Amino acid sequence: MHDALFNPLTVGSIEAPNRIFMAPLTRSRSSMPGNVPNDIMADYYAQRAGSGLIIAEATPVSPRGHGYYATPGVHTDAQEAAWKKVTDAVHAKGGRIVLQLWHVGRVSHSALQPNNEPPVSSTNAPSLSKTYIDSTFERYENTPPRILETDEIPGVIQEFADATARAKRAGFDGVEIHGANTYLLDQFTRDGVNKRTDHYGGSLENRLRLPLEVARAVVDAWGDAGRVGYRISPLSEHRDVVDSDPRATFSALAKGLGELGLAYLHAVETWDRSNLDPRVKSVIPAIVESFKNAGGGVYIGNGDYSPEQAAQAVESGWVDAIAFGRLWIPNPDLETRIKLGGPYREPDQSTFYGGGAEGYNDFEPLNAGEEANA
Ligand SMILES: Cc1cc2nc3c(=O)[nH]c(=O)nc-3n(C[C@H](O)[C@H](O)[C@H](O)COP(=O)(O)O)c2cc1C
């Protein structure tokens, strides 16, 4: 079923055998202390190697980039070596995996920061969301941030470049820059948050300076723009993380990313397709057009897609591929299930973050022959 999802797709320098991608999913199961990837993570990703492209979970590029307990990093030698085991396991099963590079900015707590300092951001305004800081997974208010000084910004860009070099050495097929979901690059991009008075704030050109400087540094660090993607969430609005003109802002960002020759642009279109923001229908195509016209690669859409809606979106040309998120959690053989028309297990939110194998790598693949006819 859904043949359109099974047409191979060239994503920059990566050949994806199908268009059923895996969206980045934070699962908070790294080994602590040290935020180190481990064997159950290697097993979890290898189980999902049938995906056309796995986009591994958001992974902080530096100690200050952390905002949640037990998320794996990519800034120490131990983390790099452990990620190599993950990529080897995925490749041994014939899969492809890129790493999502993350800096949370102000979405953090001082308990997670070096020397218990406040987190850093484009602003001094606090993030009003909550985070978890220890193995209880209770939620705490984020700590009010400290605004980054202008002369600290090159250091942040360097962190993304260093993390890219580590990801490459760890055997990833590429990296995705996390520009979505209210984190650091989003804090610089959107005018609801970025009130800076230096050349990283104010005008659209200034607000896009850090995201584009990071993208350029990441491309240079890898040495191949065809191995670099970028994720945005232009219409997701959370407290003050809003923009007065998402169409203009994100089209301009997409143009800049296209000019760098990025392999793909990835957008969170919505989290709830039954309650779709009417702006999606005009804003997303404008952004995608801007990316592609400038020389960018493919467009990956995400957000509450059913397999049927995904196939239709590929057929109509709305997307080149779909990244499924929650559906991959309890269905490690999602591509097989889609081919057979199901069945699909429902995700259990209580096992999303933290814990061990339960609700993580303990889902059996279906026996195709038997269940398809059941
Ligand atoms: C448990 C969980 C963890 C997530 N972690 C990330 C993440 O690390 N990076 C990211 O960009 N989005 C993250 N998201 C958002 C998903 O990638 C995706 O945008 C969202 O789940 C909507 O897609 P879906 O309806 O196919 O699940 C997460 C979502 C969930 C449910």
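Preceding this section is the structure that the text describes.
Residues numbered from 1 in each chain as written. Predicted model: local features only at pLDDT ≥ 70, side-chain atom pairs only at ≥ 80, totals over all residues. Heavy atoms only, no water.

Chemist: I keep staring at the site of the ligand and nothing clicks. Help me out?
Modeler: Among the 19 residues in the neighbourhood of the ligand, the closest are listed as Thr-26, Arg-231, Asn-302, Asp-304 and Arg-326. Interatomic distance of 2.8 Å between a side-chain N/O atom of Gln-100 and a nitrogen atom of the ligand. Within the contact set of the ligand, a nitrogen atom lies 3.4 Å away from a side-chain nitrogen or oxygen of Asn-181. Calculation on the ligand without its partners gives an accessible area of 610 Å², and the protein chains cover 95% of this total. Most atoms of the ligand, that is more than half of them, are within 2 Å of grid points of the largest pocket. Tallied by class, the residues present in the shell around the ligand amount to nine nonpolar, seven polar and three charged. (Near = heavy atom within 4 Å. Polar contact = N/O pair within 3.5 Å; in protein donor to acceptor, adjacent residues only side chain to side chain. Areas by Shrake-Rupley, 256 points an atom, 1.4 Å probe, with all protein chains shown as cover. 1 Å grid on protein atoms, 1.4 Å probe; cavity = no way out; pocket = protein on both sides within 12 Å on 5 of 7 lines; lining within 4 Å. Sits in = over half its atoms within 2 Å of the grid points. Nonpolar A, V, L, I, M, F, W, Y, C, P; charged D, E, K, R; others polar.)

Chemist: Would you explain the pairing of strand β4 (residues 54–60) in this entry?
Modeler: Every other side chain in a regular strand lies on the same face of the sheet, so the side chains alternate between the two faces. Where burial is concerned, most of β4 is hidden: seven out of the seven residues are buried. Relative to strand β5 (residues 97–102), β4 is paired through six bridges, and the arrangement is parallel. What sits directly across from Ala-56, in β5, is Leu-99. A crossover links β4 with its parallel partner β5, the connecting element being helix α2 (residues 77–92), and its sense is right-handed. (Buried < 20%, exposed > 50% of the residue type's maximum accessible area, 1.4 Å probe, protein only. Helix = DSSP H or I, 4+ residues; strand = E, 2+ residues; numbered from the N terminus. Pairing = 2+ DSSP bridges. Right-handed = clockwise from strand over helix to strand, strands pointing away.)

Chemist: Even after reading the chapter, I still don't get a negative patch on the surface, so can you show me in this structure?
Modeler: A cluster of acidic residues, Asp-348, Glu-358, Asp-362 and Glu-364, forms a negative patch on the protein surface. With respect to the helices and strands, the residue Asp-348 is situated in the loop between α10 (334–340) and α11 (368–372). (Patch = residues over 30% accessible without salt bridge, like charges linked within 9 Å, V, L, I, M, F, W, Y side chains within 5 Å. Salt bridge = Lys/Arg side-chain N within 4 Å of Asp/Glu carboxyl O. Lys, Arg positive; Asp, Glu negative; His and termini not counted. Charge placed at Lys NZ, Arg CZ, Asp CG, Glu CD.)

Chemist: Explain the layout of surface pockets to me, please; I cannot follow it from the model alone.
Modeler: In this approach a probe as big as a water molecule rolls over the atoms, and the regions it shows empty are the leftover space. Taken as a whole, the largest pocket spans an internal volume of roughly 1,200 Å³. Together, 47 residues line the largest pocket, and Leu-25, Asn-181, Arg-231, Trp-271 and Tyr-353 are the ones closest to its centre. Contributions of two or more residues to the lining of the largest pocket are made by β5, β7 (130–132), α9 (307–315) and β14 (321–324). Grouping the constituent residues of the lining of the largest pocket by class yields 21 nonpolar, 16 polar and 10 charged. (Points joined across faces, edges and corners; volume = space filled by probe spheres on them.)

Chemist: Which parts of the structure should I look at to understand the nonpolar core?
Modeler: One finds Tyr-45 and Phe-324 to be the most contacted residues of the largest nonpolar core, which totals 81 residues. Setting aside chain neighbours within four positions, we find Phe-324 in contact with Ile-20, Phe-21, Met-22, Ala-23, Tyr-305, Ser-306, Pro-307, Ala-310, Leu-334 and Ile-338. Leu-53, Tyr-264, Val-298 and Ile-300 belong to the second largest nonpolar core, which has 15 residues in total. (Core = buried A, V, L, I, M, F, W, Y, C linked by side-chain atoms within 4.5 Å. Contact = heavy atoms within 4.5 Å.)

Chemist: Please clarify how the packing of aromatic side chains should be interpreted in this entry.
Modeler: The relative placement of two aromatic rings is captured by the distance of their centres and the angle of their planes. Inspection of the entire model under this criterion finds 11 aromatic pairs. Aromatic pair Tyr-44 and Tyr-45: ring centres 4.8 Å apart, planes at 70°, arrangement edge-to-face. Each ring, one from Tyr-68 and one from Tyr-183, has its centre 6.5 Å from the other, and the planes form 80°; the classification is edge-to-face. Placement of the pair is Tyr-68 in the loop between β4 and α2 and Tyr-183 in the loop between β10 (174–178) and α4 (184–189), with a sequence separation of 115 residues. No difference in accessibility class separates Tyr-68 from Tyr-183, as the two residues are buried. Each member of the aromatic cluster is reached from another via a ring pair, and the members are Tyr-68, Tyr-69, Trp-102, Tyr-132, Phe-137, Tyr-183, Phe-352 and Tyr-353. Positioned above the aromatic ring of Tyr-353 is the side chain of Arg-139, whose terminal nitrogen or guanidinium carbon lies 5.8 Å from the ring centre. Cation over ring: Lys-339 sits above Phe-6, and NZ or CZ is 4.3 Å from the ring centre. (Phe/Tyr/Trp six-rings, centres within 6.5 Å; stacked < 30°, edge-to-face > 60°. Lys NZ or Arg CZ within 6 Å of the ring centre and 35° of its normal.)

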